[in-house]
Amino acid sequence: MSQILLTGGAGYIGSHTALELLLQGFNVISFDNYSNSSDEALKRVEQLTGKSITQICGDIRDEAALRQLFSQFNISAVVHFAGLKAVGESTQIPLHYYDNNVAGTITLCRVMREFNIKKLVFSSSATVYGDAKQVPITESAPRSATNPYGQSKLMLEYILEDLVKAEPDWGITLLRYFNPVGAHDSGRIGEDPNGIPNNLMPFISQVAVGKRDKLSVFGDDYPTHDGTGVRDYIHVVDLAKGHVKALQYLQHHTGIEAINLGTGTGYSVLDMVNAFSDVNQVDVPYQIAARRPGDIAICYAEPTKARTLLGWQAEKTLEDMVRDSWRWQSANPNGFKS
């Protein structure tokens, strides 16, 4: 029986995707170095599904470990999540980001080719659009990056495009995520960032649960309906289902396609804070702070291509996103260490 390899399978999006793949009858192997994840996430996925996951601890930069993995298991496709993803941190330690994200992915592809496994779903990001001049953003919008994290995703898109030009029998989807939020509705798995969260929703949740005093809202003078930045927030379960659809698509297609995974709707920071408070009946104190360098005013997806090509669209509402985030955080105040 063939198996799907998830690099970074124990992470936030990886664990939710593992769950959806198991529900669809796939066999799953996770390869993760646990630098920003917990093996507890996959134990809980096994409990929720009643199915087992092969968990292997390793680093995608370790060519020998990858060779051993591919020779040991009958892998048919790879969903590649493993990567560092904090924008601010990437500006402090750029070499580490390029080594992990870019060099690691090249090593992975080299070993995949050696074993003639040429189906790859790649975690890209809406950061590859830079400061988009038009919204909603289509897949054909010009690409640029404003920080080393975004640059690493953009470089990898170019590298994978060149790979497919040279070897057209590869099938690759570049999934450009917008802003993943929420958690599985069981409250058993969710986002568990190391240290201070970089993303809005876990920060809101940690303020609501009393771990942090207040939320800083960076900038209230953007050209938006309430002055705060507008983003396309997508429920992580919808996002996970998008990966399943991408894998199913690759079973019958070669070549490379970039596909937005977003809702097509933009919500501001204060929209998110207010929805979280209203739906969950909890206080989220916040203060307005200065804009952060590199932040853009408005960013949301044109998601038609995903519907046309993959038969996928986001189904969860803003209420689902904030309710599921709070269910996870309130049941697990210290994440997987709770």
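The structure this text deals with has already been given above.
**Re the sheet that holds strand E12 (residues 267-268)**
Working definition: the strands of a sheet are paired by backbone hydrogen bonds and lie parallel or antiparallel to each other.
Thought 1: Taken in spatial order, the three strands of this open sheet run E12-E9-E14, and their pairing is mixed. The open sheet has two edge strands, E12 and strand E14 (298-299), and neither has a second partner.
Thought 2: Bridging between strand E9 (residues 230-231) and E14 involves two bridges; their strand directions are parallel. Across the sheet, Arg-231 pairs through a bridge with Cys-299, a residue of E14.

**With respect to unusual backbone geometry**
Thought 1: Put simply, Val-135 and Pro-136 share a cis peptide bond, and its omega is -5 degrees.
Thought 2: Along the chain, the position of Pro-136 falls in the loop between strand E5 (119-125) and helix H6 (148-166).
Thought 3: Even without glycine at this site, Asn-116 takes up a positive phi of about 55 degrees.
Thought 4: Note that Asn-116 resides in the loop between helix H5 (94-114) and E5.
Thought 5: Under the relative-accessibility criterion, Asn-116 is labelled exposed at 57%.

**Quick notes on empty space enclosed by the protein**
Thought 1: If you walk through the whole model with that rule in mind, you get two cavities of 30 Å³ or more.
Thought 2: If you add up the space inside the largest cavity, you get close to 70 Å³.
Thought 3: If you go around the largest cavity, the residues you meet are Tyr-12, Gly-182, Glu-191, Met-201, Pro-202, Ser-205, Ser-325, Trp-328 and Gln-329.
Thought 4: If you list the elements that add at least two residues to the lining of the largest cavity, you get helix H7 (200-208) and helix H11 (318-331).
Thought 5: When its volume is computed, the second largest cavity comes out at roughly 40 Å³.
Thought 6: Sorting the residues of the lining of the second largest cavity by element identifies H5 and H6 as the ones contributing at least two each.

Scoring rules and cut-offs
Residues numbered from 1 in each chain as written. Predicted model: local features only at pLDDT ≥ 70, side-chain atom pairs only at ≥ 80, totals over all residues. Heavy atoms only, no water. Pairing = 2+ DSSP bridges. Helix = DSSP H or I, 4+ residues; strand = E, 2+ residues; numbered from the N terminus. Buried < 20%, exposed > 50% of the residue type's maximum accessible area, 1.4 Å probe, protein only. 1 Å grid on protein atoms, 1.4 Å probe; cavity = no way out; pocket = protein on both sides within 12 Å on 5 of 7 lines; lining within 4 Å. Points joined across faces, edges and corners; volume = space filled by probe spheres on them.

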